[in-house]
2 protein chains.
Amino acid sequence: MPPPEASAMYPADLIISARWTIPVEPEGQVLDDHALVVRDGRIVDLLPAAEATQRYAPRELIRRPQHVLLPGLVNAHTHSPMTLFRGMADDLPLDTWLNEHIWPAEARWVDGGFVRDGAELAMLEMLQGGTTCFNDMYFFPDVIARAVDASGLRACVGMIVLEQATVWARDAGEYLRKGLAARDQFRGHPRVSMIFAPHAPYTVADDSFREIRLLANELDTQIHMHVHETASEISASQKRHARRPLQRLDELGLLTPLLAAVHMTQLTAGEIPLLASRGVSVVHCPESNLKLASGFCPIADLAAAGINIALGTDGASSNNDLDMFGEMRSCALLAKGVAQRADAAPAATVLGMATLNGAKALGLGDRIGSLVTGKEADVICVDLSAAATQPVYDPVSQLVYATSRDQVSDVWVAGRQLLADHQPLVADAPAILARAESWRARLSAARGSVAHD
Amino acid sequence: MPPPEASAMYPADLIISARWTIPVEPEGQVLDDHALVVRDGRIVDLLPAAEATQRYAPRELIRRPQHVLLPGLVNAHTHSPMTLFRGMADDLPLDTWLNEHIWPAEARWVDGGFVRDGAELAMLEMLQGGTTCFNDMYFFPDVIARAVDASGLRACVGMIVLEQATVWARDAGEYLRKGLAARDQFRGHPRVSMIFAPHAPYTVADDSFREIRLLANELDTQIHMHVHETASEISASQKRHARRPLQRLDELGLLTPLLAAVHMTQLTAGEIPLLASRGVSVVHCPESNLKLASGFCPIADLAAAGINIALGTDGASSNNDLDMFGEMRSCALLAKGVAQRADAAPAATVLGMATLNGAKALGLGDRIGSLVTGKEADVICVDLSAAATQPVYDPVSQLVYATSRDQVSDVWVAGRQLLADHQPLVADAPAILARAESWRARLSAARGSVAHD
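1. Regarding the domain arrangement of chain A
All names here are of chain A.
So, step 1. Taken domain by domain, chain A consists of domain 1 (10-71 + 376-421) and domain 2 (73-361).
So, step 2. Taken over C-alpha atoms, the centre of domain 1 sits 29 Å from the centre of domain 2.
So, step 3. In this assembly, 27 residues from domain 1 lie in contact with 28 residues from domain 2.
So, step 4. Carbon and sulfur atoms make up 67% of the surface buried where domain 1 meets domain 2, a total of about 2,300 Å² over both sides.
So, step 5. Three residues, Val-400, Tyr-401 and Arg-405, lead the burial of domain 1 against domain 2; their summed loss comes to 29% of the area buried on that side.
So, step 6. Between Arg-154 and Asp-378 there is a salt bridge whose closest N-O contact spans 2.7 Å.
So, step 7. At the junction of domain 1 and domain 2, the tally comes to 7 residue pairs in polar contact (both at pLDDT 80 or more).
So, step 8. Looking at the side of domain 1 that touches domain 2, the elements that each hand over two or more residues are strand E4 (56-71), strand E13 (379-383), helix H15 (395-401), strand E14 (408-413) and strand E15 (416-420).
So, step 9. Top contributing element to the side of domain 1 that touches domain 2 by residue count: H15, with 5 residues.
So, step 10. Partitioning the side of domain 1 that touches domain 2 into residue classes produces 18 nonpolar, 3 polar and 6 charged.

2. So, the packing of helix H3 (residues 112-128) of chain B against helix H4 (residues 141-151) of chain B
Residues and elements named next belong to chain B.
So, step 1. Running from N to C, H3 and H4 cross one another at 35°; their axes reach a closest spacing of 9 Å. Along this stretch, H3 crosses H4, giving a crossing that reads as right-handed. Of H4, the residues touching H3 (which contributes Gly-112, Val-115, Arg-116, Ala-119, Glu-120 and Met-123) are Val-143, Ile-144, Ala-147, Val-148 and Ser-151.

3. Digging into the relation of the copies chain B and chain A
So, step 1. With an RMSD of 0.0 Å, the operation that places chain B on chain A is a rotation of 180° combined with a shift of 0.0 Å along the axis. Each copy turns onto its partner about a two-fold axis.
So, step 2. The fraction of interface residues of chain B whose copies in chain A are also interface residues reaches 100%, indicating that both copies meet through the same surface.

4. Some remarks on the environment of Ala-339 of chain A
Residues and elements named next belong to chain A.
So, step 1. Within the secondary structure, Ala-339 sits in helix H12 (residues 324-339).
So, step 2. Classification of Ala-339 as partly exposed rests on a relative accessible area of 27%.
So, step 3. Here the alpha-carbon distance between Ala-339 and Arg-59, two residues 280 residues apart in the chain, equals 49 Å.
So, step 4. Sequence-distant contacts of Ala-339, that is, excluding residues within four places in its chain, are made with Ala-300 and Ala-344.

5. A word on helix H5 (residues 172-185) of chain B
So, step 1. Here H5 of chain B contains 14 residues, and its C-alpha end-to-end distance of 20 Å stays within 8% of the 20 Å for a straight helix at 1.5 Å per residue.
So, step 2. Of all the residues in H5 of chain B, the buried ones are Ala-172, Glu-174, Tyr-175, Leu-176, Gly-179, Ala-182 and Arg-183 of chain B.

6. Some points on the environment of Ala-344 of chain B
All names here are of chain B.
So, step 1. On the secondary structure map, Ala-344 appears in the loop between helix H12 (324-339) and helix H13 (347-353).
So, step 2. Judged by relative accessible area, which is 6%, Ala-344 ranks as buried.
So, step 3. Considered as a pair, Ala-344 and Ala-332 are 12 residues apart in the sequence and their alpha carbons are 7.7 Å apart.
So, step 4. Sequence-distant contacts of Ala-344, defined by excluding residues within four places in its chain, comprise Ala-300, Ala-332, Ala-335, Lys-336 and Ala-339.

7. Regarding the pattern of salt bridges
Residues and elements named next belong to chain B.
So, step 1. All chains considered together, the criterion is met by 54 salt bridges over all chains.
So, step 2. Here Glu-125 ties to Arg-86 by a salt bridge, and the two come within 2.9 Å at their closest N and O atoms. Of the two residues, Glu-125 is situated in helix H3 and Arg-86 in the loop between strand E5 (73-78) and helix H2 (94-109); the sequence distance between them amounts to 39 residues. Take Glu-125 and Arg-86: they sit in the same class, and that class is buried.
So, step 3. In this structure, Arg-243 and Glu-251 form a salt bridge, with 2.9 Å as the shortest nitrogen-oxygen distance.

Definitions and limits used
- Counting from 1, residues in each chain are numbered in the order their sequence is written.
- Here the convention is simple: chains get letters from A, ligands get numbers from 1, in the order in which they are written.
- Totals for whole chains, interfaces and linings use every residue, but because this is a predicted model, local features are given only for residues with pLDDT of at least 70 and side-chain atom pairs only at 80 or more, for both listing and counting.
- Hydrogens and waters are ignored; side-chain quantities use all the structure's heavy atoms.
- Domain delimitation follows an automatic or database domain assignment.
- We call two residues in contact when some of their heavy atoms are within 4.5 Å.
- Two parts placed together each lose some accessible area under a 1.4 Å probe, and adding up what both lose gives the buried area.
- The salt bridge definition used is simple: a Lys or Arg side-chain nitrogen within 4 Å of an Asp or Glu carboxyl oxygen.
- Here a polar contact is taken to be a pair of N or O atoms separated by no more than 3.5 Å, where protein atoms must pair a possible hydrogen donor with a possible acceptor and residues adjacent in sequence count only if both atoms sit in side chains.
- Put simply, DSSP H or I for four residues or longer makes a helix, DSSP E for two residues or longer makes a strand, and each gets a number counted from the N terminus.
- Following the grouping adopted for this structure description, the nonpolar residues are Ala, Val, Leu, Ile, Met, Phe, Trp, Tyr, Cys and Pro, the charged ones are Asp, Glu, Lys and Arg, and the polar ones are all others, Gly among them.
- Axis definition: a line fitted to C-alpha atoms, limited for helices to the stretch in contact. Angles are taken between N-to-C directions and run from 0 to 180 degrees.
- For any helix crossing, the convention is left-handed if the near helix is rotated counterclockwise from the far helix by under a right angle, and right-handed if that rotation is clockwise.
- The copies were overlaid by least squares, fitting only the C-alpha atoms of residues that reach a pLDDT of 70 or more in each copy.
- Each residue is assigned to one of three classes by its accessible area relative to the maximum for its type, calculated with a 1.4 Å probe on protein chains only: buried under 20%, partly exposed between the two thresholds, exposed over 50%.
- In a helix, the anticipated span is given by 1.5 Å times the number of residues less one.

Below is the structure:
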């Protein structure tokens with residue numbers, strides 16, 4: 001059969017064909033030798049590769065014959081600028097770590113320049129590791145949002161709120177005002193969403209929570225918060241508020257489908273159905289929870305209750321990388337150990353947590369997270385030809401249990417290619433790395449010595 | 001000061017200088033801008049790089065200005081040929097996994113060719129990930145030993161013993177005879193040690209254990225065995241032998257410094273001092289224990305009792321990679337969660353487990369595992385210039401908490417370079433990968449369909 005006339009073919013900006021395609025919806029599906037068709041930044045078709053080139057006339061055709069094509073990963077909880085503190089203070093009790101290292105370092109060093117340079121380093125790392133969207137919480141959200149805009153990545157940038165004064169704001173009212181002002185600047189931005197980010201129940205007062213709830217409902221905007229991270233947080237709340245944090249949040253009207261509750265290592269049997277009935281998403285950060293000895297989030301129980309579980313790396317101070325492949329592996333492994341069941345958290349479920357569930361938790365479930373026609377083309381290719389990922393019986397298993405972040409070869413966000421054959425196209429990697437090294441030199445000099453002297 | 005005459009300088013085969021050197025002995029030490037001097041396959045000096053080029057005239061000088069130089073990693077427990085089953089059956093209850101997938105697949109497919117091709121794939125993966133020595137347990141140890149010889153890597157190859165008949169031997173007596181015959185072939189080999197590998201207390205009878213104990217003592221040869229991997233193993237032993245496996249092994253005289261006991265997820269408070277007093281090494285396999293939901297090895301308690309703890313990946317069927325960087329990270333993180341102490345298993349301790357402690361567990365503590373004059377030059381370089389490992393406050397933290405296996409740039413074993421700037425020099429990677437793919441095609445065809453159909 002002769003090929004159809006070019007004039008009879010549909011136009012497209014881009015076709016990516018790959019050995020395997022994992023659309024994430026439906027869960028567990030793997031398509032052999034398929035192609036994704038992109039036009040105006042959106043997915044317009046997903047079909048056998050042989051048919052794609054018959055039906056579409058693309059401006060660009062990319063073939064990845066030993067790769068998996070899948071949705072970009074969604075890192076549902078991080079503090080991107082903290083990459084500049086990576087490895088500065090490890091293996092310490094939580095109180096020592098926070099009180100003697102992280103908080104003093106933040107008080108001394110954090111400013112707009114620090115936040116910009118740290119966020120850029122984080123975004124370079126995430127890009128190279130296949131993360132196309134991240135959910136951030138840090139000071140100077142306006143600076144972070146500008147950096148995201150320039151990077152080509154997608155993010156939810158938290159309008160952080162605390163009662164405590166910092167370099168960014170004096171009190172909860174000022175945090176909120178400055179956050180909302182930043183939100184106004186980025187209203188309608190195709191890749192930047194500004195969402196509410198009250199830090200945690202123990203750092204935010206009832207009145208501030210009430211105001212955030214009103215605003216979030218009115219603006220239909222997500223809320224990103226640390227909740228039930230440690231046992232001491234629970235006991236402090238019981239002393240101060242005579243109730244557990246979740247009960248307090250429920251009474252304040254915060255437990256809604258808008259809430260992405262991060263950590264959740266301390267849950268009673270009764271709290272799990274409560275979360276499910278309120279439609280709250282849980283963001284699981286297994287490596288951070290382990291490293292800080294915070295406790296274990298019972299994700300097999302949460303999943304059984306029907307709760308949407310997303311996955312996050314947390315910041316580089318408590319992980320120490322922003323590697324969603326490592327986080328998927330830690331999640332799948334730890335869930336089995338905690339549930340004492342080797343069939344807990346199967347690979348396809350965990351891949352869903354790192355993609356579609358993350359998108360849902362951030363209010364982006366209709367826009368990204370799976371390879372479905374009409375969604376934005378946030379996609380990545382992963383090269384499975386390395387010895388460590390051969391042979392391939394099951395590409396989903398390979399991604400979760402054996403793939404390293406370095407096997408990500410290509411990344412697109414909204415159809416724009418940001419990483420091509422491992423090379424960043426937009427980020428100026430040497431300049432970003434030089435600025436990170438310059439911060440290290442300043443911080444190390446101020447500490448009087450480098451850590452290993 | 002003018003440089004000394006070349007004739008006044010000491011000859012050397014190789015000098016490797018690096019931005020940081022971590023000798024592992026003493027624990028936690030990091031040397032800036034040092035150089036390792038190698039002659040006749042051994043370390044002859046470790047000194048400031050500037051002095052090295054004044055004092056030695058090497059045939060080869062390698063500079064790694066953004067890298068860490070450290071001892072090669074020791075994978076103290078694996079089943080290398082099982083890489084050919086990688087990802088074939090995951091997320092299943094232990095019984096289903098073993099009885100319906102792994103054992104039938106082994107019965108059908110394992111022969112000398114399978115073992116050779118699987119071991120070669122495993123060694124390529126380990127080489128590229130910085131593992132220079134591994135401790136193996138599988139059928140056809142003679143085939144594995146020949147593959148190790150050809151690869152240039154170092155290994156302890158287990159003389160496997162079971163009561164049960166397999167393609168390799170009919171009964172424990174034949175396993176032992178065939179193992180000892182292979183040992184004779186490799187006697188005095190500089191990189192291959194054949195050690196005893198009774199599979200586990202539940203698969204080996206008392207008489208066989210007595211014979212192994214006599215031979216091990218007589219030949220001063222290590223013993224590599226799965227011990228206390230699961231709770232069901234304990235209860236089965238209590239039914240059959242009216243005692244826990246460790247008590248039985250102690251009565252049989254197996255608990256000695258020659259024993260490397262793998263897994264140990266089920267330990268009573270009384271068993272820890274017993275292990276310590278007998279000088280037994282424990283090989284911890286955190287990712288396998290999690291993936292199979294076997295339980296948690298209490299390594300913080302073992303370390304406090306002074307027990308030598310090594311680290312292993314286990315086979316690719318239960319991990320699913322042979323990545324010692326990932327295993328170090330999982331070890332350091334999980335130990336904190338299990339001990340409920342963020343200061344458990346600090347990075348330098350975990351790096352010691354993956355190097356010197358592994359060497360000790362395998363009876364090689366005086367030959368490898370640290371950068372000490374007189375030891376064999378099994379060393380690796382790791383490039384920390386990636387965004388995910390910048391900035392560098394503490395290279396030890398970076399290796400354990402943030403480095404990916406792909407950052408290993410160079411590997412030497414006994415002074416011979418096997419990996420240069422990420423490229424294998426001895427292994428024929430394309431041929432090894434093609435053979436792995438050919439096994440996958442055969443196995444998939446026989447199963448009637450590939451896993452994702």
